[in-house]
Each structure stands twice: as C-alpha cells, then as structure tokens.
Amino acid sequence: MLQNFVFLDRTSVLFFPNSKARLTTPAGRQNQEPDFLIFHQGKWGILEISHPDTEKDETRDRQFASHGIHIIHYCDANRCGEEADRIVQEFLDLLSQA
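Residues numbered from 1 in each chain as written. Predicted model: local features only at pLDDT ≥ 70, side-chain atom pairs only at ≥ 80, totals over all residues. Heavy atoms only, no water.

Student: Explain the overall build of the protein chain to me, please; I cannot follow it from the model alone.
Tutor: The secondary structure content of the protein chain amounts to 3 helices and 6 strands. Each helix and strand of the protein chain, placed in order from N terminus to C terminus, yields the pattern α-β-β-β-β-β-α-β-α. In summary, the protein chain has a C-alpha radius of gyration of 13 Å against a globular reference of 13 Å for 98 residues, a match within 12%. C-alpha extents for the protein chain along the principal axes are approximately 40 × 35 × 20 Å. For the protein chain, the proportion of its 98 residues judged to be buried stands at 40%. For the protein chain, contacts bridging at least 24 residues in sequence account for 56% of all contacts bridging at least 6. For the protein chain, the accessible area works out to roughly 6000 Å², and carbon and sulfur atoms hold 47% of it. Both charge centroids of the protein chain, one from 10 positive and one from 15 negative side chains, sit 7 Å from each other. (Helix = DSSP H or I, 4+ residues; strand = E, 2+ residues; numbered from the N terminus. Rg over C-alpha atoms; globule rule 2.2 N^0.38 Å. Buried < 20%, exposed > 50% of the residue type's maximum accessible area, 1.4 Å probe, protein only. Contact = heavy atoms within 4.5 Å. Areas by Shrake-Rupley, 256 points an atom, 1.4 Å probe, with all protein chains shown as cover. Lys, Arg positive; Asp, Glu negative; His and termini not counted. Charge placed at Lys NZ, Arg CZ, Asp CG, Glu CD.)

Right, here's the structure in full:
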C-alpha cells in the first residue's frame, strides 16, 4: 500500500494514513477507517486501495460525503504498486477540481 507513504510524503500534503473516523450511520455511531484521508487546497478526500477481495462501500462513501469529503477515489492495489506517483498526482488533481 503506497510503500511507507513516501509518495504522499513527497507532495507535502496533510494526510492521515489508516485514520479512524466516527460517523453517524443508520445503525448509530460507528468507526470507519479510510486508507488515506487527505487534505489538499482546502478540500478533504479519501484515497482507498482496492484489493480483489474488497468491495466499495457506497453507504460509507455517502456518509463521508455528507460530512464534506469531496472525493473518494478507489485505486487497484496492483496499480498502486506500479504507479504510485501517478496515482497520487491523479488523486490530487481530482481533489483540486472538486
């Protein structure tokens, strides 16, 4: 997963790896743990690393969006291993345009 965060570190953006968030869900307050919570140019976004055995959690994504998370981007783990710099730059570009 974005080896030791070096690719995000190079950007100098504020980010929280594997942070725990408390959200109100239909079932009550619950913890959610995005892979990377990133703050860039006044906007919050989440970068998730997708593995073949994981699925997008659209309910969780909507809950984050309701709290002002502008972009939630899923990236294939294999691609992250091969193109981490490009993925981070693409994510920051998306977040800048949100």
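So, next bit.
Student: Would you explain the packing of aromatic side chains in this entry?
Tutor: Each aromatic ring pair is summarised here by two numbers: the centre-to-centre distance and the angle between the ring planes. Under the counting rule described, the total for this entry stands at 3 aromatic pairs. An aromatic cluster of at least three residues, connected via ring pairs, comprises Phe16, Phe39 and Trp44. (Phe/Tyr/Trp six-rings, centres within 6.5 Å; stacked < 30°, edge-to-face > 60°.)

Student: I'm lost on the pattern of salt bridges in this one. Help?
Tutor: Within the structure shown, the criterion is met by 6 salt bridges. A salt bridge links Asp85 to Arg10, with the shortest nitrogen-to-oxygen separation between them at 3.5 Å. In this pair, Asp85 sits in helix 3 (residues 77-97) while Arg10 sits in the loop between helix 1 (6-9) and strand 1 (14-17), placing the two residues 75 residues apart along the sequence. Ionic pairing is found between Asp61 and Arg60, a salt bridge with its closest N-O pair at 3.4 Å. Note on accessibility: Asp61 and Arg60 belong to one class, buried. Residues joined in a network through salt bridges with shared partners are Arg79, Glu83, Arg86 and Glu90. (Salt bridge = Lys/Arg side-chain N within 4 Å of Asp/Glu carboxyl O.)

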